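Residue strings, one per chain:
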Amino acid sequence: DAEITQSPRHKITETGRQVTLACHQTWNHNNMFWYRQDLGHGLRLIHYSYGVQDTNKGEVSDGYSVSRSNTEDLPLTLESAASSQTSVYFCASSYGGVTDTQYFGPGTRLTVL
Amino acid sequence: AQKVTQAQTEISVVEKEDVTLDCVYETRDTTYYLFWYKQPPSGELVFLIRRNSFDEQNEISGRYSWNFQKSTSSFNFTITASQVVDSAVYFCALSEIGDDKIIFGKGTRLHILP
């Protein structure tokens, strides 16, 4: 069955370190998205991609970057982790644009000490 | 600007009661899509329904039903005969044609008490 996976599921890191969160989907979806979920804020869009070599900034992109070298993967990099980036991160994918249904990965809980 | 409001932060009901989760949205577009997602205690986000702005028919799926009313900009979600397994956070979301993102409400935490 097609699925979307994230790794690691839990990560603890220190302030200033570079961290990369992996997202892999086997739906063959063109579009992939990264969100963060924080209490009181719901889900907020970090970055998204509509295809290979395409990346776009979302609502809360500062301090994050993504690259899309193939259809299946959209890794999220925190260039220099900050305590404010402690959150749960969700990856999602969809076949069509943002009006199409997005299917979410299981999430990565990141703690920055 | 797009906005999704889920005014009910937290709801508790006793098992077998019916419960309605409210969702009110704001948009200037005539073409848009509305979604509901469920986030159980295990943390994953589960897609429940997608509805476009031209389809105002109510939808029923088992114990779940959705009432879409453009006149009041609402897309409410009702669980009939609630069960403990329905305990979760429920998110309503909105996307517009030509926009680049889905806007999520802040969610309603639903507790079903045995």
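Refer to the structure above for everything that follows.
Residues numbered from 1 in each chain as written. Chains lettered and ligands numbered in written order. Predicted model: local features only at pLDDT ≥ 70, side-chain atom pairs only at ≥ 80, totals over all residues. Heavy atoms only, no water.

(A) Local environment of the overall build of chain B. Secondary structure summary: chain B contains 0 helices and 12 strands in total. Each helix and strand of chain B, placed in order from N terminus to C terminus, yields the pattern β-β-β-β-β-β-β-β-β-β-β-β. Whereas a compact globule of 114 residues would reach a radius of gyration of roughly 13 Å, chain B reaches 14 Å, a difference of no more than 12%. Along the longest, intermediate and shortest principal axes, the C-alpha atoms of chain B span 45 × 25 × 20 Å. Within chain B, buried positions represent 46% of all 114 residues. Taking contacts inside chain B between residues at least 6 apart in sequence as the whole, the part at least 24 apart equals 55%. Accessible surface, chain B as shown: approximately 5,600 Å² in total, 48% of it carbon and sulfur. The average position of the 11 basic charges and that of the 15 acidic charges among the side chains of chain B differ by 2 Å. (Helix = DSSP H or I, 4+ residues; strand = E, 2+ residues; numbered from the N terminus. Rg over C-alpha atoms; globule rule 2.2 N^0.38 Å. Buried < 20%, exposed > 50% of the residue type's maximum accessible area, 1.4 Å probe, protein only. Contact = heavy atoms within 4.5 Å. Areas by Shrake-Rupley, 256 points an atom, 1.4 Å probe, with all protein chains shown as cover. Lys, Arg positive; Asp, Glu negative; His and termini not counted. Charge placed at Lys NZ, Arg CZ, Asp CG, Glu CD.)

(B) Focus on the overall build of chain A. From N to C terminus, chain A includes 0 helices and 11 strands. Counted from the first residue to the last, chain A has its helices and strands arranged as β-β-β-β-β-β-β-β-β-β-β. Principal-axis analysis of the C-alpha atoms gives chain A an extent of 35 × 30 × 25 Å. Counting every position in chain A, which comprises 113 residues, the buried fraction comes to 49%. Taking the contacts inside chain A whose residues are at least 6 apart along the sequence as the reference set, 54% of them involve residues at least 24 apart. For chain A, the exposed area adds up to about 5,200 Å²; of that, 46% sits on carbon and sulfur atoms. Chain A carries 8 positive and 11 negative side-chain charges, and their two centres are separated by 8 Å.

(C) Representation of the state of the cysteines in the model. All names here are of chain B. Taken as a whole and assessed by the stated rule, the structure comprises 2 disulfides over all chains. In this model C23 forms its disulfide with C92; the gap between the sulfur atoms is 1.9 Å. Here the disulfide of C23 and C92 is left-handed, its torsion about the S-S bond being about -65°. Taken as a pair, C23 in the loop between β3 (19-21) and β4 (24-26) and C92 in strand β10 (residues 88-96) lie far apart in primary sequence, 69 residues in all. (Disulfide = S-S within 2.5 Å.)

(D) The nonpolar core, seen in detail. Among the nonpolar cores identified, the biggest contains 24 residues, and W36, F77 and Y90 of chain B are the most heavily contacted of them. Contributions of two or more residues to this core are made by β2 (10-14), β3, β5 (32-39), β8 (64-69), β9 (74-79), β10 and β12 (108-113) of chain B. No other element matches the 4 residues that β10 of chain B contributes to this core. Other than its neighbours up to four places away in sequence, F77 of chain B contacts V19, T20, L21, W36, L48, Y64, S65, W66 and Y90 of chain B. Counting residues in each nonpolar core, the second largest holds 19 residues, with F90 and V98 of chain A together with V89 and A93 of chain B among its members. (Core = buried A, V, L, I, M, F, W, Y, C linked by side-chain atoms within 4.5 Å.)

(E) Representation of the packing of aromatic side chains. All names here are of chain B. The full count for this structure, using the stated rule, is 22 aromatic pairs over all chains. Their ring planes at 85° and their centres at 6.1 Å tell us that Y64 and W66 sit as a pair that is edge-to-face. Comparing Y64 with W66, the two get one shared label, buried. (Phe/Tyr/Trp six-rings, centres within 6.5 Å; stacked < 30°, edge-to-face > 60°.)

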